[in-house]
Amino acid sequence: MTRRISWLKWLSIIFFVIPMLLILVFPFIIMVSTSFKTLQEVGDIPPTLIPKEPTLQNYSEVWQIIPLAYHFRNSFLLGAGEMLLVLLLGIPAAYALCRFRFGGRQPYMIFLLITQMFPAVVVVLGIFRVVAAYGLVDNLAVVAFVAAAFNLAFCIWLLTGYFSAIPPEVEEAAMMDGNSRLGAMIRMTLPLSWPGLIAVAIFAFMDGWNEFLFSLTFIRTDEYLPLTVGLFRFITRFQIQWQHLMTGSLLATIVVVILFMMVQDKLTRGLVAISEK
Amino acid sequence: MSVRAEVVRPAPAQAERAEGAWQRLVADLRDNRFAYLLLVPSMLTFAALVLFPLGSTIAGAFAKTDAVGRIIEFGTLANFRDLARDSYMPGIIRQTALFAFGTVALTVIFSFPMALVLNQRFPGAIVARSLLLLPWAAPLAISAMTWRWIFHDQLGALNHLLHLANITQQNIGWLSQANLAFACVMFVEVWSSIPFMTITFLAGLQSIPPHIYDAAKMDGASSWREFWDMTVPQMKRVFMIVTLLSVIWAFRSFTVIWTMTQGNPFYRTDISVTYLYKLAFQNLTFGQGYALAFATFIVLIIFSIVYTRVLRSEETA
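Since this is a predicted model, take the numbers as computed values, not measurements. (Residues numbered from 1 in each chain as written. Chains lettered and ligands numbered in written order. Predicted model: local features only at pLDDT ≥ 70, side-chain atom pairs only at ≥ 80, totals over all residues.)

**Details of the domain arrangement of chain B**
Next, step 1: What the domain assignment reports for chain B is domain 1 (17–80) and domain 2 (89–269).
Next, step 2: Once you take the C-alpha centre of each, domain 1 of chain B and domain 2 of chain B turn out to be 36 Å apart. (Domains from an automatic or database assignment.)

**Topic: the interface of chain A and chain B**
Next, step 1: Taken residue by residue, the interface counts 78 residues in chain A and 81 residues in chain B.
Next, step 2: Elements represented by at least two residues in the side of chain A that touches chain B include exactly helix H1 (2–35), helix H4 (68–99), helix H5 (105–115), helix H6 (120–133), helix H7 (140–164), helix H10 (194–210), helix H12 (227–237) and helix H13 (242–276) of chain A.
Next, step 3: The element best represented in the side of chain A that touches chain B is H13(A), accounting for 16 residues. (Contact = placed C-beta atoms within 7 Å. Helix = DSSP H or I, 4+ residues; strand = E, 2+ residues; numbered from the N terminus.)

**Some remarks on unusual backbone geometry**
Next, step 1: Of note, the bond from B:Asn264 into B:Pro265 is cis; its omega dihedral lies within 30 degrees of zero at -10°.
Next, step 2: Mapped onto the fold, B:Pro265 is located in the loop between helix H11 (255–260) and helix H12 (272–281).
Next, step 3: Not every positive phi belongs to a glycine, and A:Asp138 is a case in point at roughly 70°.
Next, step 4: Along the polypeptide, A:Asp138 turns up in the loop between H6 and H7.
Next, step 5: Residues other than glycine seldom take positive phi values, yet B:Tyr267 does so here, at roughly 60°.
Next, step 6: As for its position among the elements, B:Tyr267 is in the loop between H11 and H12.
Next, step 7: For B:Tyr267, a count of 19 C-beta atoms within 10 Å puts it in the partly exposed group. (Buried ≥ 20, exposed ≤ 12 C-beta atoms within 10 Å, placed from the backbone.)

**Looking at the packing of H7(A) against helix H2 (residues 33–61) of chain B**
When two helices pack together, their arrangement is given by the angle between the helix axes and the distance between those axes.
Next, step 1: Relative orientation of the contacting elements H7(A) and H2(B) amounts to 115°, with a least axis distance of 10 Å. By the angle between their directions, the pair H7(A) and H2(B) is classed as roughly perpendicular. For the pair H7(A) and H2(B), the sense of crossing is left-handed. Counted together, A:Phe145, A:Val146, A:Ala149 and A:Leu152 of H7(A) and B:Ser42, B:Thr45, B:Phe46, B:Leu49 and B:Val50 of H2(B) form the full contact between these two elements. (Axes fitted to C-alpha atoms, helices over the stretch in contact; angles between N-to-C directions. Parallel < 35°, antiparallel > 145°, perpendicular 65-115°, else oblique. Left-handed = near helix turned anticlockwise from the far one by under 90°.)

Laid out in structure tokens, this is it:
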């Protein structure tokens, strides 16, 4: 019987898992392939998978064709801003939810769930009037703040999971030594849960880096656009130069993929903790 | 829990009970001052950036608005009436339902078997898991644009692959024919949702205690019976939660459609969130946009309540 199972297993790997994985990574293969092609080869019919005359030209040209350096800077600011905001706002909330059994705890948790329920577009519409009226268009801080607010509930759940893994006894010990509750939290719980904090920080950074809708609406000037919308404008406004678009896309993707690979394990384990609750 | 709640009170009168609740609230605030203080920053943020916009959208849904979305006159149902008269609306509703439930169903169909296989040990399993998560990490707007390039009618990789495999020699206009374009945006949405769902299923599978299988083995259950009687019931809860979240997320999905088709051709790939965005920012009929946003929000809330009710009753049954 064991033999039959392993036979089935191999069959499913060859005919299901491998094709699925190919489809999942296919766009990234195309990105790499197109980014090394010349303009002429991009227009070749039939298209080629491996460039006949691989070139690095796109990687130097693309910076002149679109304000890619600005886009990179803005994406970085959005990521870093959202990361800071999520940690600043999320850590206290998660700590309170995890260590105290207060009357407002359950209502607050339900409220967090409800914030996950409405479309970001609803918020965009509701807030646009204010942003326009107070001249807050083209302001990256606004985008970072709105994106952070939208991601906050999820990050609070993640953080609560990490904090509850730290035994409260270590804080009690620190408080016996004369620390205040806040001091105990800062000196003991935060350092002990740092792998979790880093996972959440990177998750928030990725969310800011990948943000699309808020930047699309609240930013008008090219110079302040992040990569996602910057590259999107590039394909809608101009005659599309696919080799340049794919080069920019690849550069934008590599950054988050590397970050993601670094915390992949921590993050998925945190998600597991959420789904089990 | 707090001791105060257990204080014996012989059937208090209405006024007394209200007073008791008030006192309990005050006592709770006093006892847990630090906890409430810790919640203040996040509460303020939610109030300013989530609750306020929501209220503002709801107010706008029942008001006459100008071209930048300001409320001119409050207290009218004109926006809803205009929406009901909008000839595109029936299509939008149909497409939204099809998109939300279709993508989730398809994602489950592909993710669950994937999780079952990845739960086994085989050489390359770790590599497979990392590759699986790639679409989740990459910026969705950017991978959707890459798919747009793959679906390109003349230069795209997909048509080329079909030519090579001798399935067709035509250049299919994937994103210019309405039904095909809708299938394509659904496909990309499914593509982007598979990693998260698979990893959640995988986590669910790994949390099944192994000893329940041992008992089944001793009874000589076949692996098929084992799967239906052991694995599937254990996964039910994870399954229900993931599908609920996924339907909500699919309802909210904006990026894939906007970057691939912007709802073209002729609003045939629009769903409610992309259409209401157009109503507001392209047609400048903000009022109708607010009204559709409000309706979408209500539908999601009702759906979530019904779904969690069902989930609870299933659990107690």
